[in-house]
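Okay, here's what each chain looks like letter by letter:
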Amino acid sequence: MLPQVIFQDIYLTSFISTLIIFFVVSWVFFFYFSGKPEPDIPLYADRDNAFFSFNKRWMFDSANLLREGYYKFYDKPFGVWTSQGEQVSLPPKYVDGLKMLPDHTLTSQLRDFMQVAYTMAPVGPEMLDYVDAVISSDLNRNLAKVFPNIQGEIDAAFPAELPVCQDWTPITAYGTVLRLICRISGRMSVGPSLNRNEEWIDISSEWTRNVFLSAVKLKMLPAFLRPIGSYFIPEIKKCRHQNIRARELLQPIIQKREQEELLPGYEKPNDAIEWLRDVVPDEDRKNYTFFGIGQLAIGALSIHTVSHLTTNVVLNLAAYPEYVSILREEYESVKKEYGEEFMLESMEKLKKMDSFLNETLRCNNLSLVSFQRKALRPVTLYDGTILPAGTLIFAPANAISTDNSIFPDGDTFDGLRFYKLRESSPQAKNKHQLTSINSTQLHFGAGRHACPGRWYASAEIKLIIVSLLSKYDIKLKEGEKRPESIKFQHRNAPDPKAQVLIRERPL
């Protein structure tokens, strides 16, 4: 998910910060974690060694920790110590009863994790409601209209970002994909006047990293120490500088539109700048700082998901070359039926590619957990178990994905797994898709806070992979295996240094 330097930085920061604040944190530690009511749920850890347990296991071995707990308790909830204290892991059967609870009862942990009061200052956290509205409503409603722009930007971005290579040439998968996604997603969010701007590409690709690092470091401190500690975290300073630059880059564009829309015959651009302007109250329509930060937030959500999933798809294409000809045959068949230019509706016909993407998401999760929620009021589970207010919960998505009773031979990559499931019966033809959500397919969340941009992500990634396989052959370096992902806490990132070899295909 994040470049390896991030993880190295976190490790070093964790060690140094522990030395500096150890004596302060130690006397508040018991209060910090024992002051909240605890749910009557078994804890998969030794309470007497909880501090060291979450440092050693949650930080660096969470995949095995969660899998062990999942199989030990199986269809029952269990607690684990994390960097945020004790959290409750819920098996799939509990999710359906909770996923539609209102926010005043069970709310998403995302904003709390991102520490928006620090990383997005001076914009108030409540302003992110407008960002949510744009992603959940405007993006999906306008997807068919912006689709041709996505295709056009892909056609322009590939020759600009990938090398001329008549022979096998190494590329860094994550770095190359990230720049592609910044340009392509930027076409939808900030339009053609800014999406190819090098400074904007740099800001939009680095901002998410700085937010993540800021949040991780702030979470090392008890809440009452964070206002002070924030002044000593360099990534927060970087976030604030990038917030200012985002406003400075966007303000002239918005002000130009403000003048042009007064003229007769003005045609409003169809991008996220306008979508965001349309949903804010009149008194905030000149809050250019918010528009800058809002666009960074929109970009972070789209770029984050798409770039990491696309990178894993690229690595899997190189690692499992037997699927390349299968996918090429499929998209060539779709082209014959729908024409050379793909349309949004033709994406639905790429069932084998959808399966390959879905299997990649299953095997190479973007996060080891999903459905991360915080109980703001006591919540009663269907078996009578009570979650006190303040309880943090999640579903162990990675452990579910490798459960052999759900996915036979779950540790083996089968790029056509979901295609075969869809073809198994007429009732299943619209199920088991990349965008599908159910109690055992939770990587995009569930219920009220399920990822609203997953249809956009699916379409964009498919277009990118079609373009990649049309123009290039791809493989791993001789003798190499698929690079392992890098795991930190519940994050699961493709190795940012991983390389693949590409070669232009003859026309």
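Further up the page is the structure itself.
No experiment lies behind these values; they were computed from the predicted model shown.

So, how was this worked out
- Residues numbered from 1 in each chain as written.
- Predicted model: local features only at pLDDT ≥ 70, side-chain atom pairs only at ≥ 80, totals over all residues.
- Heavy atoms only, no water.
- Helix = DSSP H or I, 4+ residues; strand = E, 2+ residues; numbered from the N terminus.
- Rg over C-alpha atoms; globule rule 2.2 N^0.38 Å.
- Contact = heavy atoms within 4.5 Å.
- Areas by Shrake-Rupley, 256 points an atom, 1.4 Å probe, with all protein chains shown as cover.
- Lys, Arg positive; Asp, Glu negative; His and termini not counted.
- Charge placed at Lys NZ, Arg CZ, Asp CG, Glu CD.
- Axes fitted to C-alpha atoms, helices over the stretch in contact; angles between N-to-C directions.
- Parallel < 35°, antiparallel > 145°, perpendicular 65-115°, else oblique.
- Nonpolar A, V, L, I, M, F, W, Y, C, P; charged D, E, K, R; others polar.
- Pairing = 2+ DSSP bridges.
- Salt bridge = Lys/Arg side-chain N within 4 Å of Asp/Glu carboxyl O.
- Buried < 20%, exposed > 50% of the residue type's maximum accessible area, 1.4 Å probe, protein only.
- Polar contact = N/O pair within 3.5 Å; in protein donor to acceptor, adjacent residues only side chain to side chain.
- Left-handed = near helix turned anticlockwise from the far one by under 90°.
- Patch = residues over 30% accessible without salt bridge, like charges linked within 9 Å, V, L, I, M, F, W, Y side chains within 5 Å.
- Core = buried A, V, L, I, M, F, W, Y, C linked by side-chain atoms within 4.5 Å.
- Disulfide = S-S within 2.5 Å.
- Phe/Tyr/Trp six-rings, centres within 6.5 Å; stacked < 30°, edge-to-face > 60°.
- Lys NZ or Arg CZ within 6 Å of the ring centre and 35° of its normal.

1. Points about the overall build of the chain
- Counting its secondary structure elements, the chain contains 18 helices and 12 strands.
- Rg of the C-alpha trace for the chain: 23 Å, near the compact-globule value of 23 Å for 507 residues, within the 12% margin.
- When its C-alpha atoms are laid out on the principal axes, the chain stretches across 65 × 55 × 45 Å.
- Sequence separation of at least 24 residues holds for 75% of the intrachain contacts in the chain that already meet a minimum separation of 6.
- Split by element, the accessible area of the chain, about 22100 Å² in all, is 55% carbon and sulfur.
- Between the averaged position of the 59 positive side-chain charges in the chain and that of its 60 negative side-chain charges there is a distance of 2 Å.

2. Observations regarding the packing of helix H11 (residues 234–260) against helix H12 (residues 272–279)
- Packing of H11 against H12 brings their axes to within 12 Å, and their N-to-C directions diverge by 70°. Of the possible angle classes, the one that applies to H11 and H12 is roughly perpendicular. Only Ile273, Glu274 and Arg277 of H12 make contact with H11, whose side of the interface consists of Leu250, Ile253, Ile254, Arg257 and Glu258.
- Residue composition of the contact of H11 with H12, grouped by class: 4 nonpolar, no polar and 4 charged.

3. A look at the sheet that holds strand S2 (residues 85–89)
- As summarised here, the arrangement of the 5 strands in space is S1-S2-S8-S5-S3, forming an open sheet in which the pairing is mixed. The open sheet is flanked by strand S1 (78–82) and strand S3 (106–108), the only strands paired with a single partner. Averaged over all pairs of adjacent strands, the angle between their axes in this sheet comes to 35°, without regard to strand direction.
- Against the sheet, helix H3 (residues 62–73) engages S1 and strand S8 (392–395), with an angle of about 165° to S1.

4. A closer look at the sheet that holds strand S4 (residues 169–172)
- Ordered by their spatial adjacency, 3 strands build an open sheet running S4-S12-S9, and the pairing between neighbours is antiparallel. Lying at the two open borders of the sheet, with one neighbouring strand each, are S4 and strand S9 (472–475). On average, adjacent strands in this sheet sit at an angle of 40° to one another, irrespective of strand direction.
- The sheet contacts of helix H8 (residues 173–189) involve S4 and strand S12 (499–504), and relative to S4 the element is tilted by about 65°.
- Sitting on the sheet, helix H18 (residues 454–471) touches S9 and S12, and the angle it makes with S9 is about 95°.

5. Observations concerning the pattern of salt bridges
- Within the structure shown, the criterion is met by 29 salt bridges.
- Between Arg245 and Glu248 there is a salt bridge, with the nearest N and O atoms lying 2.4 Å from each other. Of this pair, Arg245 and Glu248 both sit in helix H11, 3 residues apart, which is roughly one turn of the helix.
- Given the relative accessible area of 21%, Arg245 is considered partly exposed.
- Residues joined in a network through salt bridges with shared partners are Glu153, Glu161, Arg179, Arg183, Arg196 and Glu198.

6. As for H12
- Across the 8 residues that make up H12, a large majority, 6, are buried.
- Every buried residue of H12 is accounted for by Ala272, Ile273, Glu274, Trp275, Leu276 and Arg277.
- The secondary structure elements touched by the buried residues of H12 are helix H6 (128–141), helix H7 (143–161), H8, H11 and helix H13 (288–319).
- Between the side-chain oxygen of the N-cap and the backbone nitrogen of Ile273 there are 3.2 Å, and the N-cap of H12 in question is Asp271.

7. Describing the packing of H13 against H18
- H18 packs onto H13 with a crossing angle of 35° between their chain directions and a minimal axis gap of 10 Å. Note that H13 runs across H18; the crossing there is right-handed. Of the residues in H18, those touching H13 at Ser302, Val306, Leu309, Thr310, Val313, Val314 and Leu317 are Tyr456, Ala457, Glu460, Ile461, Ile464, Ile465, Leu468 and Leu469.
- Each residue belonging to the contact of H13 with H18 can be placed in one class, and the counts come to 12 nonpolar, 2 polar and 1 charged.

8. A look at a nonpolar patch on the surface
- Where nonpolar side chains cluster on the molecular surface, the patch consists of Ile228, Tyr231 and Phe232 and spans about 410 Å² of accessible area.
- Its place among the elements puts Ile228 in helix H10 (residues 226–229).
- Overall, Ile228 belongs to the exposed group, its relative accessible area being 53%.

9. Regarding the nonpolar core
- Formed by 102 residues in total, the largest nonpolar core has its most connected members in Leu317, Ile474 and Val500.
- No other element matches the 16 residues that H13 contributes to this core.
- Ile474 has contacts with Trp168, Val314, Leu317, Ala318, Leu468, Leu469, Val500, Leu501 and Ile502, leaving out every residue within four places of it along the chain.

10. Side note on the pairing of S8
- Burial along S8 is two-sided: Leu392 and Phe394 facing one way and Ile393 and Ala395 facing the other are all buried.
- As paired elements, S2 and S8 share 3 bridges and run parallel to each other. Residue Val88 lies in a different strand from S8, and its bridge partner there is Ile393.

11. Some thoughts on the state of the cysteines
- On inspection of all chains with the given rule, the structure shows 0 disulfides.
- Looking at Cys239, it has no disulfide partner, and the nearest cysteine sulfur is the one in Cys182, 15 Å off.

12. Observations concerning the packing of aromatic side chains
- What the rule picks out here adds up to 15 aromatic pairs.
- Measuring from centroid to centroid gives 4.9 Å for Tyr94 and Tyr382, while their planes differ by 45°, and the two rings are tilted. With a gap of 288 residues between them, Tyr94 in the loop between S2 and S3 and Tyr382 in the loop between strand S6 (379–380) and strand S7 (386–387) connect regions that are remote in the sequence.
- With a relative accessible area of 55%, Tyr382 lands in the exposed category.
- The cationic tip of Arg362 hangs over the ring face of Phe407; the distance from NZ or CZ to the ring centre is 5.5 Å.
- Looking at Lys471, its charged tip hangs above the ring of Phe158, at a distance of 5.6 Å from the centre.

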